[in-house]
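Spelled out, the chains give:
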Amino acid sequence: MSDHVVLHVKGRVLVGPQEVRDELWVVGGRVTYRRPVAGDVRTVEGWALPGLVDAHCHVGLDQHGAVDEATSEKQALTDRDAGTLLIRDAGSAADTRWIDDREDLPKIIRAGRHIARTRRYIRNYAHEIEPDDLVAYVAREARRGDGWVKLVGDWIDREAGDLTACWPRDAVEAAIAEAHRLGARVTAHCFAEDSLRDLVEAGIDCIEHATGLTEDTIPLFAERGVAIVPTLVNIATFPRLADGGESKFPRWSDHMRRLHERRYDTVRSAYDAGIPVYVGTDAGGTLPHGLVAAEVAELTTAGIPAVDALSATTWGARSWLGRPGLEEGAPADLVVYEADPRADVRVLAAPRRVVMRGHVVG
């Protein structure tokens, strides 16, 4: 579609959870609610949402580490065609800055490269360092990223045979303070219980997965306003992982199964306590891209109301990440559906049209 064509989105435009308009126009790649006086008009009809957000995604990464640009492009296109137009890339060993120059690919908010303890994470993924170097590496990734830094908060300790915290309290306090000084927020991969209190009391902004939340730590998260990104489509893989590690690490396997069994109760308890919950798929490691609709459905299975599950991938998620939705003058990144996704979030799995910067791309 050429730049002089006006796109008319007609039907129901879900500007917010309660704000619904009958139509919008796209002029020069931006949203307007004022009817243009002239132009070659193309009309798209249906239920429109802001472009979906995947707040835990890895473009440029597969199970072995960094991938080439062609593979990264395919990953980004898969997410785009599923309606994901804004990604918080929660750690990647690849340089994906070239994507910023592509008007047809999702916008990416990068957290730099994972920062992990030596030999305590997936090979080829992270900077693997010791606590004395944590502040320096956090500063480095804060400068390289787009306002986020990603720590690996816990992982299997082969000597203990179970998940244990990766960092001493004083190290994470200093590292998070340095990230905040540099204007970056900090998130951390955490499956288990042990690392959570130290990270939250040290000032962390978000926890990924958060399967280790308990009745002791949920109030602390709520009090401090620390968000979680549960990645339930990833947590679904825990039983298979546990089976694979049973013979060598039986304690770890049992722990992973218990975390999996209570996953829905954990997320619902967090939501009920007022903890901000956002949609993330953990695509790009062992999981395929394009799973955002499945993750929204998982949140509703956990008991989160449909409108709030939608907000976790649209209005609320965009506000949390500091990116606009469908307000006047915003970039026209939106997805159009056949039916009202508030009535049935499964509608998200079948976008009718995907629009980026005012261009129909899918």
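Cut-off values and rules
- Residues numbered from 1 in each chain as written.
- Predicted model: local features only at pLDDT ≥ 70, side-chain atom pairs only at ≥ 80, totals over all residues.
- Heavy atoms only, no water.
- Helix = DSSP H or I, 4+ residues; strand = E, 2+ residues; numbered from the N terminus.
- Buried < 20%, exposed > 50% of the residue type's maximum accessible area, 1.4 Å probe, protein only.
- Contact = heavy atoms within 4.5 Å.
- Areas by Shrake-Rupley, 256 points an atom, 1.4 Å probe, with all protein chains shown as cover.
- Pairing = 2+ DSSP bridges.
- Axes fitted to C-alpha atoms, helices over the stretch in contact; angles between N-to-C directions.
- Phe/Tyr/Trp six-rings, centres within 6.5 Å; stacked < 30°, edge-to-face > 60°.
- Lys NZ or Arg CZ within 6 Å of the ring centre and 35° of its normal.

1. Considerations on the overall build of the protein chain
Moving on, step 1. What the protein chain contains, in helices and strands, is 12 helices and 20 strands.
Moving on, step 2. Its C-alpha atoms give the protein chain principal-axis dimensions of roughly 70 × 40 × 35 Å.
Moving on, step 3. Here the protein chain, with 362 residues, has 56% of them falling under the buried criterion.
Moving on, step 4. Partitioning the contacts of the protein chain with sequence separation of at least 6, the portion at a separation of at least 24 is 65%.
Moving on, step 5. In the structure as shown, the protein chain presents an accessible area of about 14,600 Å², 46% of it carried by carbon and sulfur atoms.

2. Observations concerning the environment of Arg35
Moving on, step 1. Among the secondary structure elements, Arg35 is positioned in the loop between β3 (30-32) and β4 (40-50).
Moving on, step 2. C-alpha of Arg35 to C-alpha of Leu24: the two residues are 11 residues apart in sequence and 8.0 Å apart in space.
Moving on, step 3. Those residues in contact with Arg35 that sit more than four places away from it in its chain are Glu23 and Trp25.

3. A word on the sheet that holds β4
Moving on, step 1. One open sheet accounts for 7 strands, arranged β3-β2-β1-β4-β18-β19-β20; its pairing is mixed. Of all strands in the sheet, those bounded by a partner on one side alone are β3 and β20 (359-360).
Moving on, step 2. Bridge count for strand β19 (residues 353-356) against β20 is 2 bridges, and the pairing is antiparallel. By the bridge assignment, Val355 is partnered in β20 with Val360.

4. Focus: the sheet that holds strand β9 (residues 107-110)
Moving on, step 1. Overall, parallel pairing links the 3 strands, which are arranged β5-β8-β9 in an open sheet. Two strands lie at the open edges of the sheet, namely β5 (52-57) and β9, each paired on one side alone. Along the sheet, successive strands turn relative to each other by an average axial angle of 20°, direction set aside.
Moving on, step 2. In this sheet, strand β8 (residues 84-89) lies alongside β5 in parallel orientation, the contact comprising 4 bridges. The residue bridging Asp54 from the neighbouring strand is Ile87, located in β8.

5. Examining the packing of aromatic side chains
Moving on, step 1. Counted according to the given criterion, the structure contains 6 aromatic pairs.
Moving on, step 2. Plain terms: the ring middles of Tyr121 and Tyr125 are 6.0 Å apart, the flat faces sit at 75° to each other, and that makes the pair edge-to-face.
Moving on, step 3. Overall, Tyr121 belongs to the buried group, its relative accessible area being 12%.
Moving on, step 4. A network of ring pairs unites the aromatic residues Tyr121, Tyr125, Trp155, Phe191 and Phe238 as a single cluster.
Moving on, step 5. The aromatic ring of Tyr33 is capped on one face by Arg21, whose charged end is 4.1 Å from the ring centroid.

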